[in-house]
Amino acid sequence: MAKGRKNGLYSGVSEELSALMRTGWADTERRDLRLAEQAPYAARRRAALSARFPGERLVVPSGSLKVRSNDSSYPFRPYTGYVHMTGDQARDGALVLEPRADGGHDAYCYQLPRDGRDDDEFWTGPTAELWMGRRRSLAESELVLGLPCRDVRTAADDLAAASGAPTRIVRGIAPSLEAAVTTEEERDDELEEALSDLRLVKDDWEIGELRKAVDSTVRGFTDVIGELSGAIASSERWIEGTFFRRARLEGNSVGYGSICAAGEHATIMHWEDNDGPVRPGELLLLDAGVETHTLYTADVTRTLPISGTFTPLQRKVYDAVYEAQEAGMAAVKPGAAYRDFHEASQRSLAARLVEWGFIEGPADRAYELGLQRRFTMAGTGHMLGLDVHDCAQARNEEYVDGVLEPGMVLTVEPGLYFQPDDLTVPEEWRGIGVRIEDDLVVTEDGHENLSAGLPRSSDEVEAWMARFAG
């Protein structure tokens, strides 16, 4: 039973109340559920994981609730590797791949079953069903996931008693399961690496989900344009709330904290306070993405003139970033080194900064020394998928030192940021920040810009704002 509140209003449960609560409930078992659309794809992903670790037991937990404050929890977000391998989003779950003699694995999924009605647990605790909402039964989960499902309350004992094969587990997610098995940290890290590696190339279903995420994001950006007057009258919070509404209406949520950075806040890479003023004549850098119900996220950035028209200097900076993004996007194609698009964009920006006299040339020397990084700050992109920075634990040789393949999805997002206290640039440049970011899928003959529905060039942005801005 969940721990009761120290200062709860009720001291206990009478026998009569307990008996009353256990009676009169309808059978709500759902027998009409069908196999999830994602299930066959998840099965192929598990087969690929199995092939990497023959003869070994693999444990991939989903995670549990985390306390936000006292008895209030954060919205639950399962471990990405678990979602990718199962299509499931349940808390307190775990995927187990049990090795077979032939080198393959039998897969099953531990789940927290529904609360029964024969004791008080289903209604007396903050994680009980009457508090948190109905869960799927084990039988229902088997129908949806296409996996045998077991009661997770026996998982730790089952794993502790298991023998005959070495075990690997993803660490840091389920302490009770981690304590039940004997593993080596280095070998466990290899499992987490493999789970990231296997997300580098998206299957057709995943690309379809990313299209949905981007399409909703395009509508969210257009919503923001239409409500700029509300932001001018209040703050960046209006922009955050406007985009969040679209994300919740059409998806699960936002895929990451929205960056709604007006004025000099646009020079802060991860500005998420979103509490500053929105002033005509300044720029708004909006970096936001809708997360679908299946947890795939978009990641798009546009920098907009709040008054609807760029000043000559704002346009100069914006066009330089656009030019750099064009160079980077042209380098996204199968067979190209992953680093090529980053190098193309950064070399373009380095040349502009030398031309403007902000760093010492020649441009090739400036790039090799990384001098442009004072104003470009970060890399030019990253993999995208279930995580906004997807595949983060993948091996370097497969990711940053690897080669692009059809099905990879990545962002191209160069930027220039002139800090408000940077005395190396003229005063009129200080506080200007510009980033342009799009989501690209590598195709057989090049790439497709999934976020092409949003205007990119300075002229297109101004025309877009003239049409929709409120």
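Look up: the structure comes first, before these words.
Source: prediction; values computed, not measured. (Residues numbered from 1 in each chain as written. Predicted model: local features only at pLDDT ≥ 70, side-chain atom pairs only at ≥ 80, totals over all residues. Heavy atoms only, no water.)

## Some details on the sheet that holds strand β10 (residues 283-288)
The line we're drawing: Two strands qualify as a pair provided that DSSP identifies no fewer than 2 bridges between them. Comment: elements are numbered from the N terminus, with helices defined as DSSP H or I runs of at least four residues and strands as E runs of at least two. Throughout, an axis means a line fitted to C-alpha atoms (over the contacting stretch in the case of helices), and angles, computed between N-to-C directions, take values from 0 to 180 degrees. Whether two residues are in contact is decided by their heavy atoms, any of which lying within 4.5 Å being enough.
Read from one edge to the other, the open sheet built from 3 strands follows the order β9-β10-β12, with strand pairing classed as antiparallel. Bordering the open sheet on either side are β9 (259-262) and β12 (300-305), each of which pairs with just one other strand. Averaged over all neighbouring strand pairs, the angle between strand axes comes to 10°, with direction disregarded. Examined bridge by bridge, β10 and β12 share 6 bridges and lie antiparallel to one another. Counterpart to L284 in the pairing with β12 is L304. Sheet contacts for helix α11 (residues 236-250): β9 and β10; angle to β9, the most-contacted strand, approximately 150°.

## Some points on unusual backbone geometry
Note that the residue after G361, namely P362, is joined by a cis bond; omega there is 0°. Structurally, P362 is set in the loop between α13 (339-355) and α14 (363-369). With phi around 60°, D92 is a residue other than glycine that occupies positive phi space. Structurally, D92 can be placed in the loop between α3 (80-86) and β4 (94-99). Positive phi, close to 65°, is recorded for M377, a residue that is not glycine.

## A closer look at the layout of surface pockets
Vacant regions in the atomic arrangement are exposed by a probe of water-molecule size rolled over the atoms. We count it as follows: Whether a set of points on the 1 Å grid over the protein atoms alone is a cavity depends on a 1.4 Å probe fitting there but being unable to get out, while an open set qualifies as a pocket with protein on both sides within 12 Å along at least five of seven lines; lining residues are those with an atom within 4 Å of a point. Grid points are joined across faces, edges and corners, and a volume is the space filled by probe spheres set on the points. Think of it as three bins: nonpolar holds Ala, Val, Leu, Ile, Met, Phe, Trp, Tyr, Cys and Pro, charged holds Asp, Glu, Lys and Arg, and polar takes everything else, Gly as well.
Each pocket or cavity is described by its volume, and for the largest pocket that value is around 920 Å³. Lining the largest pocket we find 29 residues, and of these F76, P78, Q89, A90 and R91 sit closest to its centre. Among the secondary structure elements, those contributing two or more residues to the lining of the largest pocket are α5 (138-145) and β8 (253-254). Split by residue class, the lining of the largest pocket holds 12 nonpolar, 9 polar and 8 charged.

## A short note on helix α9 (residues 204-226)
What counts is decided by this rule: A helix is expected to span 1.5 Å multiplied by its residue count minus one. We define a polar contact as two N or O atoms separated by no more than 3.5 Å, with the added condition that, inside protein, one atom must be a possible hydrogen donor and the other a possible acceptor, whereas residues neighbouring each other in sequence contribute only through side-chain atom pairs.
Over its 23 residues, α9 extends 33 Å from the first C-alpha to the last, a length consistent with the 33 Å expected when each residue adds 1.5 Å. The backbone nitrogen of W205 lies 3.2 Å from a side-chain oxygen of the residue at the head of α9, namely D203.

## Remarks on the packing of aromatic side chains
Under the convention used in this document: Two rings from Phe, Tyr or Trp (for Trp, the six-membered ring) form a pair when their centres sit within 6.5 Å of each other. Planes less than 30 degrees apart are called stacked, planes more than 60 degrees apart edge-to-face, and all others tilted. Only protein chains enter the accessibility calculation, which uses a 1.4 Å probe; a residue whose area is less than 20% of its type maximum is buried, one above 50% is exposed, and one in between is partly exposed. Charges are assigned to positions over rings by a cutoff of 6 Å between ring centre and Lys NZ or Arg CZ, combined with an angular limit of 35 degrees from the ring normal.
Enumeration according to the criterion identifies 15 aromatic pairs in this entry. A centroid spacing of 5.4 Å and a plane angle of 40° characterise the contact between F375 and F418, whose relative ring orientation is tilted. Linking F375 in helix α15 (residues 373-376) with F418 in the loop between β14 (415-417) and β15 (433-435), this pair joins segments that are 43 residues apart in sequence. A relative accessible area of 0% means that F375 is categorised as buried. Clustering of aromatic rings is evident, with ring pairs tying together W356, F358, F375, F418 and W429. Looking at R117, its charged tip hangs above the ring of W25, at a distance of 5.3 Å from the centre. Geometry around Y108 places R150 over its ring, the cationic atom sitting 3.5 Å from the centre.

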